[in-house]
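Geometric and topological summary
These are the residues of each chain, in order.
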Amino acid sequence: MKSRDEAFEALFKSEYARVAGIANRVLADPQEAEDVAQEVFISFHRLHSASAQFAPAWLHRAAAHTALNRVRGRKRRERRELTQAPEEASRTVDPQRMLEVGEDRRMVRAALARLAPKPAAVLVLRASGLSYAEVAQAIGVGTGQIGTLLRRAEAALRKEVTRGTSI
Amino acid sequence: MAHLSEGTLRRLVDDPDALTGSDRRHYMDCAACQARNQGMADDAHAAATLLSAPELQLDVANAFKHVQSAPAAKPRFGFSLPILRPATQQMFAVGAAAVVVALAITAFANILPLFQPKTVQPVPVTFADLQALEQLSAYGTLTWSTQPKPQIVLTAADAKTISGLDVPVVSKLPAGVSSTVTYAAMPGAVAVFTFDAKKAADAAAATGKSLPKLPSGMDGAKLTVTVGPAVVEVFGDMNAASGTGSSSQNINLPQLIVAKSAVPVVTSTQVTAKQLEDYILSMPGLSPELAAAVRSVGDPSTTLPIPVPVEYATSSKVSINGDTGVALGDNTGLGSGVIWIHKTNVFVVAGSLKQSAAVDIARNLK
(Lines give C-alpha, C1' and ligand atoms only; values in the text may rest on other atoms or scores of the structure.)
Protein backbone atom coordinates (compact mmCIF):
# COMPACT_ATOMS: atom_id res chain seq x y z
CA MET A 1 0.00 0.00 0.00
CA LYS A 2 1.32 3.41 -0.96
CA SER A 3 2.05 6.03 1.66
CA ARG A 4 0.27 9.37 1.43
CA ASP A 5 3.39 11.01 0.01
CA GLU A 6 4.02 8.26 -2.51
CA ALA A 7 0.44 8.41 -3.70
CA PHE A 8 0.71 12.17 -4.12
CA GLU A 9 3.95 11.89 -6.06
CA ALA A 10 2.37 9.33 -8.39
CA LEU A 11 -0.66 11.57 -8.89
CA PHE A 12 1.57 14.56 -9.54
CA LYS A 13 3.62 12.75 -12.15
CA SER A 14 0.59 11.41 -13.95
CA GLU A 15 -1.45 14.62 -13.95
CA TYR A 16 0.96 17.55 -13.80
CA ALA A 17 1.35 17.92 -17.55
CA ARG A 18 -2.39 17.86 -18.11
CA VAL A 19 -3.12 20.27 -15.26
CA ALA A 20 -0.47 22.69 -16.48
CA GLY A 21 -1.84 22.27 -20.00
CA ILE A 22 -5.33 23.24 -18.90
CA ALA A 23 -3.99 26.33 -17.13
CA ASN A 24 -1.88 27.20 -20.17
CA ARG A 25 -4.92 26.87 -22.40
CA VAL A 26 -6.60 29.57 -20.32
CA LEU A 27 -3.65 31.82 -19.66
CA ALA A 28 -1.58 31.38 -22.83
CA ASP A 29 1.41 31.92 -20.57
CA PRO A 30 3.51 28.82 -19.80
CA GLN A 31 5.18 30.27 -16.73
CA GLU A 32 1.98 31.46 -15.12
CA ALA A 33 0.33 28.19 -16.10
CA GLU A 34 2.96 26.29 -14.14
CA ASP A 35 2.37 28.58 -11.15
CA VAL A 36 -1.32 27.76 -11.33
CA ALA A 37 -0.71 24.04 -11.73
CA GLN A 38 1.54 23.97 -8.69
CA GLU A 39 -0.91 26.03 -6.68
CA VAL A 40 -3.65 23.57 -7.57
CA PHE A 41 -1.57 20.56 -6.52
CA ILE A 42 -0.57 22.25 -3.27
CA SER A 43 -4.22 22.95 -2.47
CA PHE A 44 -5.20 19.43 -3.34
CA HIS A 45 -2.45 17.89 -1.23
CA ARG A 46 -3.47 19.94 1.78
CA LEU A 47 -7.10 19.02 1.49
CA HIS A 48 -7.45 15.56 0.02
CA SER A 49 -5.95 12.14 -0.24
CA ALA A 50 -4.15 11.53 -3.52
CA SER A 51 -5.80 8.14 -3.72
CA ALA A 52 -9.26 9.74 -3.80
CA GLN A 53 -11.21 8.62 -6.83
CA PHE A 54 -12.16 12.18 -7.67
CA ALA A 55 -8.55 13.41 -7.68
CA PRO A 56 -8.00 13.87 -11.45
CA ALA A 57 -11.43 15.46 -11.95
CA TRP A 58 -10.80 17.79 -9.00
CA LEU A 59 -7.42 18.83 -10.38
CA HIS A 60 -8.74 19.44 -13.88
CA ARG A 61 -11.62 21.55 -12.68
CA ALA A 62 -9.51 23.45 -10.19
CA ALA A 63 -6.90 24.17 -12.88
CA ALA A 64 -9.53 25.60 -15.20
CA HIS A 65 -11.20 27.72 -12.55
CA THR A 66 -8.02 28.91 -10.89
CA ALA A 67 -6.60 29.98 -14.24
CA LEU A 68 -9.89 31.64 -15.23
CA ASN A 69 -9.88 33.48 -11.91
CA ARG A 70 -6.40 34.77 -12.67
CA VAL A 71 -7.62 36.12 -15.99
CA ARG A 72 -10.59 37.71 -14.28
CA GLY A 73 -8.17 39.23 -11.79
CA ARG A 74 -6.58 41.05 -14.66
CA LYS A 75 -9.98 42.43 -15.57
CA ARG A 76 -9.17 46.04 -15.09
CA ARG A 77 -6.03 45.78 -17.14
CA GLU A 78 -7.81 43.82 -19.82
CA ARG A 79 -10.58 46.38 -19.96
CA ARG A 80 -8.04 49.11 -20.47
CA GLU A 81 -6.43 47.09 -23.24
CA LEU A 82 -9.76 46.53 -24.90
CA THR A 83 -10.57 50.20 -24.91
CA GLN A 84 -7.13 50.93 -26.35
CA ALA A 85 -7.50 48.33 -29.08
CA PRO A 86 -7.14 49.83 -32.51
CA GLU A 87 -10.42 50.80 -33.99
CA GLU A 88 -9.52 49.07 -37.19
CA ALA A 89 -9.63 45.73 -35.37
CA SER A 90 -11.75 43.27 -37.23
CA ARG A 91 -15.41 43.18 -36.33
CA THR A 92 -15.76 39.61 -37.41
CA VAL A 93 -14.08 36.49 -36.12
CA ASP A 94 -11.16 35.44 -38.23
CA PRO A 95 -9.18 33.00 -36.08
CA GLN A 96 -6.05 33.17 -38.15
CA ARG A 97 -6.00 36.95 -38.12
CA MET A 98 -6.69 37.00 -34.40
CA LEU A 99 -3.47 35.12 -33.80
CA GLU A 100 -1.45 37.33 -36.06
CA VAL A 101 -1.66 40.07 -33.48
CA GLY A 102 -0.02 39.15 -30.17
CA GLU A 103 -2.34 41.22 -28.05
CA ASP A 104 -5.34 39.46 -29.49
CA ARG A 105 -4.41 36.35 -27.57
CA ARG A 106 -5.03 38.31 -24.42
CA MET A 107 -8.27 39.59 -25.82
CA VAL A 108 -9.43 36.04 -26.46
CA ARG A 109 -8.60 35.13 -22.86
CA ALA A 110 -10.53 38.13 -21.62
CA ALA A 111 -13.50 36.98 -23.70
CA LEU A 112 -13.14 33.48 -22.26
CA ALA A 113 -13.13 34.87 -18.74
CA ARG A 114 -16.34 36.76 -19.42
CA LEU A 115 -18.19 33.52 -20.08
CA ALA A 116 -20.06 31.87 -17.23
CA PRO A 117 -17.78 29.50 -15.27
CA LYS A 118 -19.25 26.24 -16.54
CA PRO A 119 -19.13 26.93 -20.29
CA ALA A 120 -15.68 28.45 -19.92
CA ALA A 121 -14.48 25.34 -18.11
CA VAL A 122 -16.05 23.02 -20.70
CA LEU A 123 -14.30 24.85 -23.54
CA VAL A 124 -10.94 24.86 -21.85
CA LEU A 125 -11.06 21.26 -20.70
CA ARG A 126 -12.12 19.97 -24.09
CA ALA A 127 -9.55 22.14 -25.88
CA SER A 128 -6.96 20.65 -23.53
CA GLY A 129 -7.67 17.20 -24.88
CA LEU A 130 -9.96 15.79 -22.20
CA SER A 131 -12.52 13.29 -23.44
CA TYR A 132 -16.24 14.01 -23.14
CA ALA A 133 -16.34 11.66 -20.14
CA GLU A 134 -13.43 13.39 -18.44
CA VAL A 135 -14.93 16.83 -19.02
CA ALA A 136 -18.23 15.57 -17.62
CA GLN A 137 -16.53 14.24 -14.50
CA ALA A 138 -14.61 17.44 -13.96
CA ILE A 139 -17.64 19.69 -14.09
CA GLY A 140 -20.04 17.25 -12.49
CA VAL A 141 -22.57 16.63 -15.26
CA GLY A 142 -23.57 13.63 -17.34
CA THR A 143 -21.48 12.77 -20.38
CA GLY A 144 -24.57 13.14 -22.56
CA GLN A 145 -24.74 16.86 -21.74
CA ILE A 146 -21.25 17.68 -22.95
CA GLY A 147 -22.13 18.01 -26.64
CA THR A 148 -24.79 20.60 -25.90
CA LEU A 149 -22.66 22.46 -23.36
CA LEU A 150 -19.72 22.52 -25.72
CA ARG A 151 -21.80 23.77 -28.63
CA ARG A 152 -23.29 26.58 -26.58
CA ALA A 153 -19.93 27.48 -25.09
CA GLU A 154 -18.34 27.74 -28.53
CA ALA A 155 -21.16 29.94 -29.77
CA ALA A 156 -20.84 32.10 -26.63
CA LEU A 157 -17.10 32.44 -27.10
CA ARG A 158 -17.54 33.50 -30.71
CA LYS A 159 -20.07 36.10 -29.58
CA GLU A 160 -17.80 37.40 -26.80
CA VAL A 161 -14.76 37.61 -29.06
CA THR A 162 -16.77 39.45 -31.67
CA ARG A 163 -18.07 41.80 -29.00
CA GLY A 164 -14.56 42.33 -27.67
CA THR A 165 -13.19 43.24 -31.05
CA SER A 166 -16.09 45.62 -31.64
CA ILE A 167 -15.42 47.75 -28.58
CA MET B 1 -38.37 12.15 -37.55
CA ALA B 2 -37.38 15.22 -35.59
CA HIS B 3 -34.11 16.92 -36.42
CA LEU B 4 -31.00 15.84 -34.51
CA SER B 5 -30.32 17.61 -31.24
CA GLU B 6 -27.66 20.25 -30.79
CA GLY B 7 -25.65 17.94 -28.57
CA THR B 8 -25.78 15.05 -31.02
CA LEU B 9 -24.67 17.21 -33.92
CA ARG B 10 -21.86 18.74 -31.91
CA ARG B 11 -20.61 15.34 -30.87
CA LEU B 12 -20.61 14.34 -34.52
CA VAL B 13 -18.00 17.05 -35.12
CA ASP B 14 -15.62 15.26 -32.75
CA ASP B 15 -16.64 11.72 -33.53
CA PRO B 16 -17.94 10.90 -37.02
CA ASP B 17 -19.02 7.48 -35.73
CA ALA B 18 -21.14 8.91 -32.94
CA LEU B 19 -24.47 8.59 -34.74
CA THR B 20 -26.68 5.57 -34.20
CA GLY B 21 -28.51 3.88 -37.08
CA SER B 22 -31.70 5.94 -37.26
CA ASP B 23 -29.90 9.20 -36.48
CA ARG B 24 -27.38 8.44 -39.17
CA ARG B 25 -30.09 7.76 -41.74
CA HIS B 26 -31.81 11.03 -40.86
CA TYR B 27 -28.57 12.97 -41.05
CA MET B 28 -27.67 11.58 -44.46
CA ASP B 29 -31.03 12.71 -45.84
CA CYS B 30 -31.40 16.02 -43.99
CA ALA B 31 -29.82 19.11 -45.51
CA ALA B 32 -30.86 21.22 -42.52
CA CYS B 33 -29.02 19.00 -40.02
CA GLN B 34 -26.00 18.87 -42.28
CA ALA B 35 -25.94 22.67 -42.49
CA ARG B 36 -26.26 23.00 -38.72
CA ASN B 37 -23.46 20.50 -38.29
CA GLN B 38 -21.24 22.48 -40.65
CA GLY B 39 -21.92 25.66 -38.67
CA MET B 40 -21.00 23.89 -35.48
CA ALA B 41 -17.84 22.49 -37.03
CA ASP B 42 -16.83 26.01 -38.08
CA ASP B 43 -17.40 27.34 -34.57
CA ALA B 44 -15.55 24.40 -33.05
CA HIS B 45 -12.60 24.97 -35.36
CA ALA B 46 -12.64 28.70 -34.58
CA ALA B 47 -12.72 28.00 -30.82
CA ALA B 48 -9.84 25.55 -31.08
CA THR B 49 -7.80 28.08 -33.02
CA LEU B 50 -8.63 30.93 -30.68
CA LEU B 51 -7.69 28.82 -27.67
CA SER B 52 -4.37 27.68 -29.06
CA ALA B 53 -1.57 28.28 -26.56
CA PRO B 54 2.21 28.49 -26.55
CA GLU B 55 3.96 25.18 -26.04
CA LEU B 56 4.80 24.11 -22.51
CA GLN B 57 8.30 22.95 -21.66
CA LEU B 58 7.77 21.14 -18.38
CA ASP B 59 10.32 19.98 -15.84
CA VAL B 60 8.03 17.73 -13.81
CA ALA B 61 10.69 16.64 -11.31
CA ASN B 62 11.60 20.22 -10.52
CA ALA B 63 7.96 21.23 -10.29
CA PHE B 64 7.35 18.42 -7.84
CA LYS B 65 10.24 19.59 -5.64
CA HIS B 66 8.76 23.06 -5.67
CA VAL B 67 5.34 21.80 -4.62
CA GLN B 68 6.85 19.64 -1.87
CA SER B 69 8.66 22.61 -0.38
CA ALA B 70 5.65 24.95 -0.40
CA PRO B 71 4.79 26.45 2.98
CA ALA B 72 1.29 26.14 4.37
CA ALA B 73 -0.92 29.00 3.26
CA LYS B 74 -4.48 29.85 2.54
CA PRO B 75 -6.41 26.64 2.34
CA ARG B 76 -10.15 27.07 2.58
CA PHE B 77 -12.66 25.10 4.54
CA GLY B 78 -15.97 25.40 6.29
CA PHE B 79 -16.76 26.58 9.80
CA SER B 80 -18.43 26.61 12.64
CA LEU B 81 -20.33 27.16 15.81
CA PRO B 82 -17.94 28.87 18.24
CA ILE B 83 -17.25 31.75 15.90
CA LEU B 84 -20.90 32.47 15.38
CA ARG B 85 -21.64 32.54 19.08
CA PRO B 86 -21.16 36.32 19.52
CA ALA B 87 -23.99 36.82 17.06
CA THR B 88 -26.46 35.18 19.32
CA GLN B 89 -28.87 37.86 20.22
CA GLN B 90 -31.62 35.98 21.90
CA MET B 91 -34.30 36.06 19.28
CA PHE B 92 -31.95 35.50 16.41
CA ALA B 93 -30.26 32.70 18.22
CA VAL B 94 -33.42 30.66 18.31
CA GLY B 95 -33.65 30.48 14.58
CA ALA B 96 -29.97 30.70 13.85
CA ALA B 97 -29.20 27.85 16.22
CA ALA B 98 -30.70 25.37 13.84
CA VAL B 99 -28.43 26.62 11.07
CA VAL B 100 -25.46 27.13 13.32
CA VAL B 101 -25.59 23.65 14.82
CA ALA B 102 -25.50 22.28 11.32
CA LEU B 103 -22.17 23.98 10.78
CA ALA B 104 -20.73 23.22 14.18
CA ILE B 105 -18.15 20.62 13.31
CA THR B 106 -17.30 21.60 9.80
CA ALA B 107 -14.10 23.39 10.61
CA PHE B 108 -12.27 20.64 8.82
CA ALA B 109 -14.67 20.46 5.89
CA ASN B 110 -12.95 22.39 3.19
CA ILE B 111 -15.46 24.34 1.17
CA LEU B 112 -13.66 25.69 -1.79
CA PRO B 113 -15.67 28.19 -3.77
CA LEU B 114 -15.18 25.76 -6.59
CA PHE B 115 -16.59 22.92 -4.56
CA GLN B 116 -19.24 24.18 -2.26
CA PRO B 117 -21.05 21.40 -0.42
CA LYS B 118 -24.00 20.08 -2.30
CA THR B 119 -25.30 17.57 0.14
CA VAL B 120 -25.50 16.77 3.82
CA GLN B 121 -24.64 13.76 5.92
CA PRO B 122 -25.46 13.07 9.57
CA VAL B 123 -22.61 12.68 12.05
CA PRO B 124 -23.60 11.50 15.53
CA VAL B 125 -22.34 13.71 18.33
CA THR B 126 -22.89 13.89 22.04
CA PHE B 127 -23.37 17.14 23.88
CA ALA B 128 -20.08 16.37 25.56
CA ASP B 129 -18.59 16.47 22.08
CA LEU B 130 -20.15 19.86 21.39
CA GLN B 131 -18.90 21.17 24.72
CA ALA B 132 -15.44 19.92 23.87
CA LEU B 133 -15.61 21.84 20.61
CA GLU B 134 -16.56 24.94 22.50
CA GLN B 135 -13.10 24.85 24.06
CA LEU B 136 -11.84 26.15 20.74
CA SER B 137 -12.88 29.59 21.88
CA ALA B 138 -10.07 29.45 24.46
CA TYR B 139 -7.48 29.16 21.74
CA GLY B 140 -7.55 32.60 20.29
CA THR B 141 -9.23 35.89 19.71
CA LEU B 142 -12.29 36.56 17.65
CA THR B 143 -12.82 39.86 15.92
CA TRP B 144 -15.39 40.78 13.32
CA SER B 145 -14.27 42.64 10.25
CA THR B 146 -17.94 42.84 9.27
CA GLN B 147 -20.13 42.69 12.32
CA PRO B 148 -23.11 40.34 12.30
CA LYS B 149 -26.17 42.56 12.36
CA PRO B 150 -29.20 40.38 12.91
CA GLN B 151 -32.38 42.37 12.84
CA ILE B 152 -35.94 41.47 13.66
CA VAL B 153 -38.39 42.74 11.09
CA LEU B 154 -42.09 42.44 10.44
CA THR B 155 -42.24 41.50 6.80
CA ALA B 156 -40.60 39.09 4.42
CA ALA B 157 -39.85 42.01 2.11
CA ASP B 158 -37.83 43.70 4.84
CA ALA B 159 -36.02 40.45 5.56
CA LYS B 160 -35.14 40.19 1.89
CA THR B 161 -33.92 43.76 1.77
CA ILE B 162 -31.55 43.10 4.65
CA SER B 163 -30.28 39.70 3.60
CA GLY B 164 -30.63 39.81 -0.15
CA LEU B 165 -32.17 36.35 0.06
CA ASP B 166 -35.59 35.34 -1.14
CA VAL B 167 -37.48 34.38 1.97
CA PRO B 168 -38.85 30.82 1.83
CA VAL B 169 -42.64 30.61 1.87
CA VAL B 170 -44.38 27.81 3.73
CA SER B 171 -47.15 26.52 1.45
CA LYS B 172 -49.37 25.14 4.17
CA LEU B 173 -48.95 25.34 7.90
CA PRO B 174 -49.68 22.18 9.89
CA ALA B 175 -52.71 22.33 12.15
CA GLY B 176 -51.93 23.94 15.46
CA VAL B 177 -49.05 26.08 14.25
CA SER B 178 -49.68 29.79 14.62
CA SER B 179 -49.61 31.81 11.44
CA THR B 180 -47.96 34.66 13.34
CA VAL B 181 -44.50 35.01 11.84
CA THR B 182 -41.52 36.88 13.12
CA TYR B 183 -38.70 37.42 10.68
CA ALA B 184 -35.05 37.81 11.43
CA ALA B 185 -32.48 38.64 8.82
CA MET B 186 -28.77 39.17 8.72
CA PRO B 187 -26.46 40.39 5.97
CA GLY B 188 -23.24 38.47 5.47
CA ALA B 189 -20.73 38.79 8.30
CA VAL B 190 -17.00 38.23 8.34
CA ALA B 191 -15.10 37.14 11.41
CA VAL B 192 -11.38 36.66 11.94
CA PHE B 193 -10.28 34.12 14.51
CA THR B 194 -6.60 34.33 15.43
CA PHE B 195 -5.09 31.33 17.17
CA ASP B 196 -3.07 32.34 20.22
CA ALA B 197 -0.84 29.76 21.90
CA LYS B 198 -0.40 31.85 25.05
CA LYS B 199 -4.11 32.36 25.50
CA ALA B 200 -4.66 28.64 25.06
CA ALA B 201 -2.02 27.84 27.64
CA ASP B 202 -3.52 30.34 30.09
CA ALA B 203 -7.00 28.91 29.55
CA ALA B 204 -5.72 25.41 30.13
CA ALA B 205 -3.91 26.45 33.27
CA ALA B 206 -6.99 28.26 34.59
CA THR B 207 -9.19 25.23 34.20
CA GLY B 208 -6.61 22.69 35.21
CA LYS B 209 -7.21 20.80 32.00
CA SER B 210 -4.63 19.47 29.66
CA LEU B 211 -5.40 20.79 26.24
CA PRO B 212 -3.67 19.54 23.11
CA LYS B 213 -0.65 21.51 22.04
CA LEU B 214 -1.21 23.82 19.10
CA PRO B 215 0.37 22.38 15.97
CA SER B 216 3.42 24.12 14.61
CA GLY B 217 2.40 27.21 12.68
CA MET B 218 -1.00 27.46 14.28
CA ASP B 219 0.04 30.21 16.69
CA GLY B 220 -0.93 33.42 14.94
CA ALA B 221 -2.80 31.60 12.19
CA LYS B 222 -5.94 33.42 11.14
CA LEU B 223 -9.23 31.96 10.05
CA THR B 224 -11.42 34.33 8.09
CA VAL B 225 -14.99 33.21 8.25
CA THR B 226 -17.78 34.46 6.03
CA VAL B 227 -21.20 33.55 7.31
CA GLY B 228 -24.60 34.40 6.02
CA PRO B 229 -26.49 36.22 4.77
CA ALA B 230 -29.35 34.45 6.47
CA VAL B 231 -33.07 34.75 7.01
CA VAL B 232 -35.10 33.06 9.71
CA GLU B 233 -38.87 32.83 10.03
CA VAL B 234 -40.23 31.96 13.43
CA PHE B 235 -43.86 30.87 13.66
CA GLY B 236 -45.71 30.92 16.91
CA ASP B 237 -45.23 32.08 20.46
CA MET B 238 -41.85 33.67 20.93
CA ASN B 239 -42.08 33.37 24.69
CA ALA B 240 -41.63 29.67 24.27
CA ALA B 241 -38.24 30.34 22.81
CA SER B 242 -36.65 31.66 25.98
CA GLY B 243 -33.63 30.08 27.53
CA THR B 244 -31.44 29.93 24.48
CA GLY B 245 -28.15 30.40 26.19
CA SER B 246 -24.86 28.97 25.16
CA SER B 247 -25.85 25.42 25.87
CA SER B 248 -27.62 23.64 23.10
CA GLN B 249 -29.45 21.67 25.77
CA ASN B 250 -31.44 24.77 26.61
CA ILE B 251 -32.80 25.33 23.14
CA ASN B 252 -36.54 25.28 23.31
CA LEU B 253 -37.90 25.13 19.80
CA PRO B 254 -40.83 27.34 18.90
CA GLN B 255 -43.63 25.84 16.87
CA LEU B 256 -41.86 26.21 13.57
CA ILE B 257 -38.62 27.70 12.32
CA VAL B 258 -37.67 28.02 8.70
CA ALA B 259 -34.13 29.21 8.08
CA LYS B 260 -32.06 29.82 5.01
CA SER B 261 -28.41 30.75 5.00
CA ALA B 262 -25.61 30.91 2.49
CA VAL B 263 -23.10 28.12 2.96
CA PRO B 264 -20.21 29.50 5.03
CA VAL B 265 -16.73 29.88 3.61
CA VAL B 266 -13.51 30.05 5.56
CA THR B 267 -10.01 30.93 4.47
CA SER B 268 -6.98 30.46 6.65
CA THR B 269 -3.33 31.28 6.85
CA GLN B 270 -0.44 29.23 8.20
CA VAL B 271 -2.49 26.20 9.08
CA THR B 272 -3.85 23.60 6.72
CA ALA B 273 -7.29 22.08 6.79
CA LYS B 274 -5.71 18.71 7.58
CA GLN B 275 -3.83 20.15 10.56
CA LEU B 276 -6.99 21.77 11.82
CA GLU B 277 -8.98 18.59 11.40
CA ASP B 278 -6.36 16.53 13.23
CA TYR B 279 -6.20 19.15 15.94
CA ILE B 280 -9.93 19.36 16.47
CA LEU B 281 -10.29 15.62 16.50
CA SER B 282 -7.56 15.35 19.12
CA MET B 283 -9.36 17.62 21.57
CA PRO B 284 -9.97 16.04 24.98
CA GLY B 285 -13.55 15.04 25.55
CA LEU B 286 -14.23 14.31 21.92
CA SER B 287 -15.47 10.77 21.55
CA PRO B 288 -13.62 8.30 19.34
CA GLU B 289 -16.98 7.59 17.72
CA LEU B 290 -17.29 11.20 16.60
CA ALA B 291 -13.74 11.27 15.28
CA ALA B 292 -14.39 8.07 13.34
CA ALA B 293 -17.69 9.39 12.01
CA VAL B 294 -16.10 12.64 10.88
CA ARG B 295 -13.30 10.80 9.11
CA SER B 296 -15.81 8.59 7.35
CA VAL B 297 -17.84 11.48 5.96
CA GLY B 298 -16.15 11.12 2.61
CA ASP B 299 -15.38 14.04 0.37
CA PRO B 300 -15.74 17.02 2.69
CA SER B 301 -15.64 19.46 -0.17
CA THR B 302 -19.07 18.41 -1.30
CA THR B 303 -20.59 17.16 1.93
CA LEU B 304 -21.66 19.21 4.91
CA PRO B 305 -21.60 17.06 8.05
CA ILE B 306 -24.70 17.54 10.16
CA PRO B 307 -24.08 16.91 13.84
CA VAL B 308 -26.89 14.86 15.32
CA PRO B 309 -27.04 14.84 19.12
CA VAL B 310 -27.34 11.14 19.82
CA GLU B 311 -28.92 11.56 23.23
CA TYR B 312 -31.79 13.52 21.81
CA ALA B 313 -32.30 12.70 18.19
CA THR B 314 -32.09 10.10 15.54
CA SER B 315 -31.44 10.92 11.94
CA SER B 316 -32.36 9.58 8.58
CA LYS B 317 -31.73 10.67 5.03
CA VAL B 318 -34.61 12.18 3.12
CA SER B 319 -35.03 13.55 -0.36
CA ILE B 320 -36.17 17.15 -0.58
CA ASN B 321 -37.17 17.69 -4.19
CA GLY B 322 -34.08 15.94 -5.44
CA ASP B 323 -31.66 17.23 -2.81
CA THR B 324 -30.51 14.83 -0.11
CA GLY B 325 -31.40 16.07 3.34
CA VAL B 326 -31.05 14.90 6.90
CA ALA B 327 -34.24 14.51 8.90
CA LEU B 328 -33.83 14.75 12.63
CA GLY B 329 -36.46 12.98 14.64
CA ASP B 330 -36.09 13.58 18.33
CA ASN B 331 -36.76 10.94 20.92
CA THR B 332 -37.92 13.26 23.67
CA GLY B 333 -40.96 14.86 22.15
CA LEU B 334 -39.24 18.23 21.86
CA GLY B 335 -39.44 18.45 18.11
CA SER B 336 -37.94 17.48 14.80
CA GLY B 337 -36.35 19.07 11.80
CA VAL B 338 -34.84 18.65 8.42
CA ILE B 339 -31.75 20.25 6.93
CA TRP B 340 -30.60 20.25 3.34
CA ILE B 341 -28.57 22.18 0.85
CA HIS B 342 -30.05 23.51 -2.32
CA LYS B 343 -27.51 25.12 -4.63
CA THR B 344 -25.44 27.36 -2.37
CA ASN B 345 -27.86 27.73 0.51
CA VAL B 346 -28.46 25.69 3.63
CA PHE B 347 -32.11 25.30 4.55
CA VAL B 348 -33.57 24.23 7.88
CA VAL B 349 -37.13 23.46 8.84
CA ALA B 350 -37.52 22.64 12.51
CA GLY B 351 -39.98 22.93 15.34
CA SER B 352 -42.36 21.19 17.67
CA LEU B 353 -43.52 18.98 14.86
CA LYS B 354 -43.70 15.41 13.82
CA GLN B 355 -40.85 14.53 11.55
CA SER B 356 -43.23 13.80 8.70
CA ALA B 357 -44.72 17.30 9.07
CA ALA B 358 -41.28 18.92 8.98
CA VAL B 359 -40.35 16.98 5.85
CA ASP B 360 -43.67 17.87 4.24
CA ILE B 361 -43.10 21.57 4.89
CA ALA B 362 -39.58 21.29 3.54
CA ARG B 363 -40.75 19.66 0.33
CA ASN B 364 -43.38 22.32 -0.23
CA LEU B 365 -41.34 25.42 0.52
CA LYS B 366 -41.67 28.02 -2.19
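Residues numbered from 1 in each chain as written. Chains lettered and ligands numbered in written order. Predicted model: local features only at pLDDT ≥ 70, side-chain atom pairs only at ≥ 80, totals over all residues.

1. Here we look at the overall build of chain A
- Regarding its fold elements, chain A presents nine helices and zero strands.
- Ordered by position from N to C terminus, the α and β elements of chain A give α-α-α-α-α-α-α-α-α.
- Per-residue burial for chain A yields a buried fraction of 51% across its 167 residues.
- Considering only intrachain contacts with a sequence separation of at least 6, the fraction spanning at least 24 residues in chain A is 71%. (Helix = DSSP H or I, 4+ residues; strand = E, 2+ residues; numbered from the N terminus. Buried ≥ 20, exposed ≤ 12 C-beta atoms within 10 Å, placed from the backbone. Contact = placed C-beta atoms within 7 Å.)

2. Re the pairing of strand 9 (residues 256-262) of chain B
Residue and element names in this part refer to chain B.
- When you tally the buried positions in strand 9, you get six out of seven residues, the bulk of the element.
- Taken together, the six bridges between strand 8 (residues 230-235) and strand 9 define a ladder with antiparallel strand orientation. Across the sheet, the residue bridging to E233 is V258, located in strand 9.
- As judged from the six bridges shared by strand 9 and strand 15 (residues 345-351), these two strands associate in the antiparallel manner. The residue bridging V258 from the neighbouring strand is V349, located in strand 15. (Pairing = 2+ DSSP bridges.)

3. Remarks on the nonpolar core
- In this structure, A:A23, A:A63 and A:A67 are the most contacted members of the largest nonpolar core, which totals 60 residues.
- The set of elements that each furnish at least two residues to this core consists of helix 1 (4-27), helix 2 (30-47), helix 3 (55-73), helix 6 (102-114), helix 7 (117-127), helix 8 (132-139) and helix 9 (146-166) of chain A together with helix 3 (31-50) of chain B.
- Per-element accounting of this core gives the leading share, 10 residues, to helix 1 of chain A.
- Not counting chain neighbours up to four residues away, the residues in contact with A:A23 comprise A:A33, A:V36, A:A37, A:A63 and A:A67.
- Counting 41 residues, the second-largest nonpolar core is a separate cluster that includes B:A185, B:V225, B:A259 and B:V338. (Core = buried A, V, L, I, M, F, W, Y, C linked by C-beta atoms within 7 Å.)

4. Comments concerning the environment of B:T269
- In this fold, B:T269 is placed in the loop between strand 10 (265-268) and helix 10 (273-281).
- Spatially, the C-alpha atom of B:T269 lies 8.7 Å from that of B:M218, the residues being 51 residues apart in sequence.

5. Quick word on the interface of chain B and chain A
- At the junction of the two partners, chain B supplies 34 residues and chain A supplies 42 residues.
- Elements that contribute at least two residues to the side of chain B that touches chain A include exactly helix 1 (6-14), helix 3, helix 4 (60-68) and helix 10 of chain B.
- The element contributing the most residues to the side of chain B that touches chain A is helix 3 of chain B, with eight residues.
- Of the residues assigned to the side of chain B that touches chain A, the class counts are 19 nonpolar, nine polar and six charged. (Nonpolar A, V, L, I, M, F, W, Y, C, P; charged D, E, K, R; others polar.)

6. Topic: unusual backbone geometry
- Within the chain, A:A28 stands out as a residue other than glycine whose phi angle is a positive 55°.
- Relative to the assigned elements, A:A28 resides in the loop between helix 1 and helix 2.
- On the basis of neighbour counts, which here come to 21 C-beta atoms within 10 Å, the residue A:A28 falls in the buried class.
- Of note, B:K343 is a non-glycine position whose phi angle comes to about 55°, a positive value.
- Here B:K343 falls in the exposed class, since 9 other C-beta atoms lie within 10 Å of it.

7. Looking at the confidence of the model for chain A
- Across chain A, pLDDT averages 82, with 78% of residues at or above 70.
- For residues 86-91 of chain A, every residue scores under 50 in pLDDT, and the model assigns this stretch five contacts once sequence neighbours within four places are set aside. (pLDDT = per-residue confidence, 0-100.)

8. With respect to the pairing of strand 6 (residues 189-195) of chain B
All names here are of chain B.
- Burial along strand 6 is one-sided: A189, A191, F193 and F195 are buried, and none of V190, V192 and T194, which face the opposite way, are.
- For strand 3 (residues 140-146) and strand 6, the ladder comprises six bridges, and the chain directions are antiparallel. Following the sheet pairing, L142 is matched in strand 6 by F193.
- Two strands pair when backbone bridges link them, and strand 6 and strand 7 (residues 222-227) are joined in this way by six bridges, in the antiparallel orientation. Note that in strand 7 the partner of V192 across the bridge is T224.

9. Focus: helix 3 of chain B
Residues and elements named next belong to chain B.
- In a regular helix each residue adds 1.5 Å, so 20 residues correspond to 28 Å; helix 3 covers 28 Å between its end C-alpha atoms and thus fits that length.
- For helix 3, the set of buried residues is M40, D43, A47 and L50. The buried residues of helix 3 occupy an angular sector of 85° when projected down its axis, which confines them to one face. Exposed positions of helix 3 whose direction lies more than 90 degrees from the buried face are A31, A35 and Q38. (Expected span 1.5 Å × (residues − 1). Arc of directions from axis to C-beta.)

10. Structural notes on the packing of helix 3 of chain A against helix 8 of chain A
Residues and elements named next belong to chain A.
- Between helix 3 and helix 8, the least distance of the axes is 8 Å, while the angle of their chain directions is 80°. Here helix 3 is positioned roughly perpendicular relative to helix 8, judged by the angle of their axes. Of helix 8, the residues touching helix 3 (which contributes A57, H60 and R61) are E134, Q137, A138 and I139.
- Of the residues that constitute the contact of helix 3 with helix 8, the class distribution is three nonpolar, two polar and two charged. (Axes fitted to C-alpha atoms, helices over the stretch in contact; angles between N-to-C directions. Parallel < 35°, antiparallel > 145°, perpendicular 65-115°, else oblique.)

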